[in-house]
Amino acid sequence: MMELKTKLLTMFNRMADSKKVYWLSLLIGVVCGTAALLLKNLIHLLGETLVGNLRSSDESYLFLAFPLIGIAITVLIVKLLIKDDLGHGVSKVLGAISLNKGKLKGHHTFSSMITSTFTIGFGGSVGAEAPVVLTGSAIGSNLARLLNLSHAQTMLMLGCGATGAIAGIFKAPLAGIVFTLEVLMLDLTMASLIPLLISGISAAVLAYYFMGDEVLFKFELVNSFDATNVPFYLILGVFSGFISLYFTRMTMYLERRFKLLKKPLYKILVGGSILGLCIFLFPPLWGEGYHSIDKIFNGLGPDLLDNSLFFNLKDSQWFIVIFLLLLVFVKVIAMTATTAGGGVGGIFAPTLFVGAIGGYFVASFFNLILGLNLPIDNFALAGMGAMMAGVMHAPLLGIFLTAEITGGYQLFFPLIIAAIASYVTIMAFEPYSIYTKALARKGELVTHHKDKAVLHFMAVKELIETDFAVVSPDATLGDLTKVIAKSKRNLFPVVDEAGMMKGMIKMDDIRELIFNHDLYDQVYVKDLMYMPEHYISPRDTMLKVAGKFESSGRFNLAVLDDGKYLGFISRAKVFSNYRNFVRTLSHD
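Residues numbered from 1 in each chain as written. Predicted model: local features only at pLDDT ≥ 70, side-chain atom pairs only at ≥ 80, totals over all residues. Heavy atoms only, no water.

1. Overview of the overall build of the chain
Right, so step 1: Helix and strand content of the chain: 24 helices and five strands.
Right, so step 2: When each of the 588 residues of the chain is scored for burial, the buried share is 54%. (Helix = DSSP H or I, 4+ residues; strand = E, 2+ residues; numbered from the N terminus. Buried < 20%, exposed > 50% of the residue type's maximum accessible area, 1.4 Å probe, protein only.)

2. So, the packing of helix α14 (residues 348-370) against helix α15 (residues 376-391)
Right, so step 1: In contact at an axis separation of 6 Å, α14 and α15 are set at 135° when each is read in the N-to-C sense. Comparing their axes, α15 and α14 come out oblique. Judged by the sense of rotation from one axis to the other, the crossing of α14 with α15 is right-handed. On α15, the residues that touch Phe348, Thr351, Leu352, Val354, Gly355, Ala356, Gly359, Tyr360, Val362, Ala363, Ser364 and Asn367 of α14 are Ile376, Phe379, Ala380, Gly383, Met384, Met387, Met388 and Val391. (Axes fitted to C-alpha atoms, helices over the stretch in contact; angles between N-to-C directions. Parallel < 35°, antiparallel > 145°, perpendicular 65-115°, else oblique. Left-handed = near helix turned anticlockwise from the far one by under 90°. Contact = heavy atoms within 4.5 Å.)

3. Notes on the state of the cysteines
Such a bond, covalent and formed between the sulfur atoms of two cysteines, is termed a disulfide.
Right, so step 1: Under the criterion given, the structure shown has zero disulfides.
Right, so step 2: Counting only cysteine sulfurs, Cys160 is the nearest neighbor of Cys32, a cysteine outside any disulfide, at a range of 8.9 Å.
Right, so step 3: The exposure class of Cys32 is buried, given its relative accessible area of 1%. (Disulfide = S-S within 2.5 Å.)

4. A word on the sheet that holds strand β3 (residues 535-536)
Pairing between sheet strands relies on hydrogen bonds along the backbone, with the strands arranged either parallel or antiparallel.
Right, so step 1: On the basis of which strands lie adjacent, the open sheet formed by three strands has the order β3-β4-β5 and mixed pairing. The sheet is open, and its two borders are formed by β3 and β5 (564-570), each paired with just one other strand.
Right, so step 2: Note that β3 and strand β4 (residues 556-561) share two bridges and pair parallel. Its bridge partner lying in β4, Tyr535 is registered against Ala558.
Right, so step 3: In this fold helix α23 (residues 542-552) packs onto β3, β4 and β5, with an angle of close to 130° to the strand it touches most, β4. (Pairing = 2+ DSSP bridges.)

5. Side note on helix α9 (residues 193-211)
Right, so step 1: For α9, built from 19 residues, the straight-helix expectation of 27 Å at 1.5 Å per residue is met to within 8% by its first-to-last C-alpha distance of 26 Å.
Right, so step 2: Two residues or fewer after α9 comes Gly212, characterised by a positive phi angle close to 90°. (Expected span 1.5 Å × (residues − 1).)

6. With respect to the pattern of salt bridges
Right, so step 1: On inspection of all chains with the given rule, the structure shows 13 salt bridges.
Right, so step 2: Asp508 serves as the salt-bridge partner of Arg511, at 2.6 Å between the closest nitrogen and oxygen.
Right, so step 3: Judged by its relative accessible area of 40%, Arg511 falls in the partly exposed class.
Right, so step 4: Here Asp562 makes a salt bridge to Arg539, at a shortest N to O gap of 3.7 Å. Of this pair, Asp562 sits in the loop between β4 and β5 while Arg539 sits in the loop between β3 and α23, placing them 23 residues apart in sequence.
Right, so step 5: Judged by its relative accessible area of 55%, Arg539 falls in the exposed class. (Salt bridge = Lys/Arg side-chain N within 4 Å of Asp/Glu carboxyl O.)

7. Quick word on the packing of aromatic side chains
Right, so step 1: This structure, assessed with the given rule, holds 21 aromatic pairs.
Right, so step 2: Ring centres 5.6 Å apart and planes at 85° place the aromatic pair Phe225 and Phe413 in the edge-to-face group. Of this pair, Phe225 sits in the loop between α9 and α10 (230-259) while Phe413 is found in helix α17 (residues 412-427), placing the two residues 188 residues apart along the sequence.
Right, so step 3: Judged by relative accessible area, Phe413 falls into the exposed class, the value being 55%.
Right, so step 4: When the centroid spacing of 4.9 Å and the interplanar angle of 70° are considered together, the rings of Tyr246 and Phe329 count as edge-to-face. Taken as a pair, Tyr246 in helix α10 and Phe329 in helix α13 (residues 317-340) lie far apart in primary sequence, 83 residues in all.
Right, so step 5: The class of Tyr246 is buried, set by a relative accessible area of 19%. (Phe/Tyr/Trp six-rings, centres within 6.5 Å; stacked < 30°, edge-to-face > 60°.)

8. Remarks on the environment of Lys105
Right, so step 1: Note on placement: Lys105 falls in the loop between α4 (89-99) and α5 (111-121).
Right, so step 2: What makes Lys105 partly exposed here is its relative accessible area of 48%.
Right, so step 3: Note: C-alpha distance between Lys105 and Asn142 (37 residues apart in sequence) is 7.6 Å.
Right, so step 4: Polar contacts involving the side chain of Lys105 include one to the side chain of Asp84, which spans 3.3 Å. (Polar contact = N/O pair within 3.5 Å; in protein donor to acceptor, adjacent residues only side chain to side chain.)

9. Things to note about helix α8 (residues 173-182)
Right, so step 1: Within α8, eight of the 10 residues are buried, which leaves it mostly tucked inside the rest of the structure.
Right, so step 2: Three or more residues of α8 are buried, namely Pro173, Ala175, Gly176, Ile177, Val178, Phe179, Thr180 and Glu182.

10. Digging into the pairing of strand β1 (residues 491-495)
Right, so step 1: For β1, the tally of buried residues reaches five of five residues, placing the bulk of the element in the interior.
Right, so step 2: With burial as the criterion, each face of β1 is covered, one bearing Leu491, Pro493 and Val495 and the other bearing Phe492 and Val494.
Right, so step 3: Bridge count between β1 and strand β2 (residues 501-506): five bridges; the pairing is antiparallel. Note on β2: the bridge partner recorded for Val494 is Gly503.

11. Some details on the environment of Leu62
Right, so step 1: On the secondary structure map, Leu62 appears in helix α3 (residues 62-82).
Right, so step 2: Distance in space between the C-alpha atoms of Leu62 and Ile279 is 9.8 Å, their sequence separation being 217 residues.

This is the structure:
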């Protein structure tokens with residue numbers, strides 16, 4: 001086995017870099033597509049086994065129990081087998097890019113898939129997309145590390161994994177690429193698009209082969225785009241923007257409240273109970289919610305009341321409108337209760353669900369109060385794109401993903417109008433998406449700021465210059481003059497016998513003195529030195545170092561480790577290193 005591995009690695013290393021990347025992107029696409037298929041089918045199988053045989057008129061008290069059981073199983077798997085915090089899938093990937101040079105732990109290639117199967121299969125009100133994105137990204141990252149690829153190639157393989165995951169689970173290769181570029185914000189060049197395309201199309205073709213050529217939601221265009229409805233699509237976009245703001249802030253608020261529960265058992269009980277109650281009152285909140293979206297697109301909106309206490313009110317249009325609005329607000333609570341309680345899942349499906357329900361609500365509301373005939377299915381589709389644009393701060397992803405998974409390409413105009421209106425609305429109140437907000441609060445978000453990204457990958461220790469001539473504080477001016485004669489620098493650190501920096505001397509400050517021989521034995525270094533106001537710790541980030549250079553106006557800063565002299569960092573060396581990293585990160 002080891003011999004075969006060695007031979008394969010040898011063959012791989014002999015390939016040209018472009019061929020390596022193309023073959024790897026194909027392999028990653030196939031593996032990620034397989035992972036997406038497996039996860040999707042496992043969730044569907046488990047869900048159908050549990051609640052597939054319920055009659056529409058029955059309320060099921062099992063809705064109160066199943067979600068709690070699913071969360072409990074998930075927590076047990078994490079605690080006993082994985083023994084690591086899985087966190088939010090996409091946020092975990094962004095954290096790895098920002099803080100760990102794209103490195104993801106090996107268990108992420110399977111752990112999120114196993115745990116999310118139980119969470120969602122038992123009714124957890126979350127999506128499978130974020131777990132499979134983490135899985136795909138981890139596959140790409142670990143494969144790149146195994147083959148000792150460069151940093152730029154590792155990032156590209158991570159991006160191929162994320163692209164393949166989205167393309168495979170949605171059968172949407174274009175959306176996979178847009179997600180990688182717009183949400184993960186990897187600094188990819190035009191040449192990098194080819195590997196992303198290879199990964200995305202291979203994963204999508206695999207999904208088509210095993211799952212058929214039907215889109216995720218079967219959308220049939222009954223009513224074509226009507227320009228007179230543009231004001232209402234704008235209203236839908238603004239409404240979606242504010243709902244996206246609620247979605248983000250309510251999620252963060254509830255997560256903070258759950259963190260106050262220190263014991264995992266309490267989180268399981270509280271999260272599972274809240275989730276179970278939400279699903280019991282509003283059955284469409286069960287699982288991903290894609291069945292509910294299908295009902296809307298097939299003209300079966302009133303069937304959203306099936307299996308609920310309100311089944312007998314299906315004929316009341318006003319109650320349906322109220323029910324829809326409640327669904328929009330309660331979905332966020334159910335979603336957060338799932339993840340904060342210990343379940344594993346993502347926000348893709350909840351976002352699409354809220355968008356479809358929100359579009360249905362807006363169209364139904366105006367139809368009722370103004371006697372209009374706004375097409376409900378068209379507004380539901382536009383609402384999906386608008387919510388994706390608002391929650392994820394990704395208008396292109398909202399537009400292209402919605403069009404690909406519904407086949408609603410004929411409605412690009414309303415999709416664009418609603419998505420832009422939603423994005424502009426939320427950006428006025430919230431500069432960070434739900435994925436990036438936590439990282440931004442801690443100052444760890446570098447993926448969306450290219451300067452920060454480059455500085456993050458630079459290390460203080462690698463930039464320290466040690467060729468400065470050191471002098472003792474007890475040395476005389478004559479001794480200093482001898483040191484100056486042999487030095488090529490204009491700065492002279494003053495260091496005692498223990499290696500502690502006592503000060504420094506600048507050549508410009510003593511230029512006149514060194515020509516006065518009468519002072520050579522009378523003046524000591526300790527009389528000439530001064531302690532620099534600004535200095536660097538080896539534990540400082542390069543972002544902080546850059547800030548110190550800017551605020552101090554200095555061209556060289558001393559590096560001190562608890563007072564011990566290590567050397568200097570120069571502005572010129574930082575700039576030179578910065579440029580080298582930019583070339584590396586942008587290398588094709």
